[in-house]
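Coordinates in review
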Amino acid sequence: MMRVHASGHTDVGQVREANEDAYHVGDSVFAVADGMGGHLAGEVASSTALEPISELDGHVFSDAAEARAALRAALLDANKAVVTKAADDPQFQGMGTTLTAVMVEGRRAHIAHVGDSRAYLFRDRTFSQLTTDHTLVQRMIDEGRLTREEAARHPQRSVITRAIGVEPDVDVDAMSLDLVPGDVVVLCSDGLTGPVDDDAIADLLESVDTPNVETDERVAGTARRLVEAANDAGGPDNITVVVLAFEELPTAPSPKSAGPAPLGA
Ligand code: MN
């Protein structure tokens, strides 16, 4: 049995007047959304998109395929919900949001995303990006026209090629990950990854291993420190971080019997 410790933190940053990011930290479902479309509209887009995601929280699925399908369906529902709201009210016209969500199911994490909010994995002191940004600069990197370093400074680095709530249909990227005890997964908006590079994020995540501190406290502290790092680097955008740490729970001793093991043991 895998237990997840999770904490989310969001901040307006040093430049923006409002925070259009939103996040969800539940029991089995976690997500970050970075809204756009101007004051109010961006906030409405990100919070609307999180509703169908949070409704999945606590659901038990019969298998991985069903869980993955449900998560994908929730992102499509999120798209529909934002599109509908934008069509119903002129002040919300043109709004949209990124959405990066994780659902924990047994010993697996299912990840689905649209836009440039990222999911990272920190495992055995190795840090890797799980999601691929839906951005103009990522497309140019894929085509070999730009390096990662050039992309980080590119004037059009924040232009996204896919968003929730803009078109009636949206392509959702989804993947599944077999979890290992000690894994740390980070979800974040580009307000973190713009001003803070991957090496600096990885260095901060090392501190999740601090001994003699309760895991919940470490996870919360890590989320706060990542947000602080973005603010220290100028905080040009809203910053949102969700940190998940996975821990093996000791299994209950199995009763000596010839019958099948009790479910849920
Ligand atoms: Mn942003």
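This is a predicted model, so every value here is computed, not measured. (Residues numbered from 1 in each chain as written. Predicted model: local features only at pLDDT ≥ 70, side-chain atom pairs only at ≥ 80, totals over all residues. Heavy atoms only, no water.)

Looking at the coordination of the manganese ion
The protein atoms that coordinate the manganese ion are Asp34 (OD), Asp190 (OD) and Asp237 (OD), at distances of 2.1 to 2.2 Å. All donor residues of the manganese ion come from one chain, and their arrangement in sequence is D-x155-D-x46-D. Here Asp237 lies in the loop between α7 (215–232) and β11 (239–248) and Asp34 lies in strand β3 (residues 29–36), a separation of 203 residues in the sequence. With a relative accessible area of 8%, Asp34 lands in the buried category. Owing to a relative accessible area of 12%, Asp237 belongs among the buried residues under this scheme. (Donors = N, O, S within 2.8 Å, 3.2 Å for Na, K, Ca; no water. Helix = DSSP H or I, 4+ residues; strand = E, 2+ residues; numbered from the N terminus. Buried < 20%, exposed > 50% of the residue type's maximum accessible area, 1.4 Å probe, protein only.)

Section: the side chain of Ser46
Mapped onto the elements of the fold, Ser46 is located in helix α1 (residues 41–54). The class of Ser46 is buried, set by a relative accessible area of 1%. Looking at Ser46, its side chain comes within polar contact range of the main-chain oxygen of Glu43, at 3.3 Å. With residues near it in sequence (within four places) discarded, Ser46 still touches Glu20, Asp21, Ala22, Ala33, Gly35 and Thr97. (Polar contact = N/O pair within 3.5 Å; in protein donor to acceptor, adjacent residues only side chain to side chain. Contact = heavy atoms within 4.5 Å.)

Some thoughts on the pairing of strand β10 (residues 184–188)
The buried count for β10 comes to 5 of 5 residues, which makes it a mostly enclosed element. Neither face of β10 is left uncovered, since the one carrying Val184, Val186 and Cys188 and the one carrying Val185 and Leu187 both have all their residues buried. Note: strand β7 (residues 118–123) against β10, 5 bridges, orientation antiparallel. Across the sheet, Arg118 pairs through a bridge with Cys188, a residue of β10. (Pairing = 2+ DSSP bridges.)

Digging into the pairing of β3
For β3, the tally of buried residues reaches 7 of 8 residues, placing the bulk of the element in the interior. The pairing of strand β2 (residues 21–25) with β3 spans 5 bridges and is antiparallel. Opposite His24, over in β3, you have Ala31 as the bridge partner. Between the antiparallel neighbours β2 and β3 lie 3 residues. Sheet analysis places β3 next to strand β5 (residues 99–105), joined by 4 bridges and oriented antiparallel. Across the sheet, the residue bridging to Ala31 is Ala101, located in β5.

Notes on the packing of aromatic side chains
By the definition in use, this model includes 2 aromatic pairs. Ring plane angle 20° and centroid distance 4.6 Å describe the contact between Tyr120 and Phe127, whose orientation is recorded as stacked. Of the two residues, Tyr120 and Phe127, neither departs from the other in class, the shared state being buried. An aromatic cluster is present here, built from Tyr120, Phe122 and Phe127 joined pairwise through their rings. (Phe/Tyr/Trp six-rings, centres within 6.5 Å; stacked < 30°, edge-to-face > 60°.)

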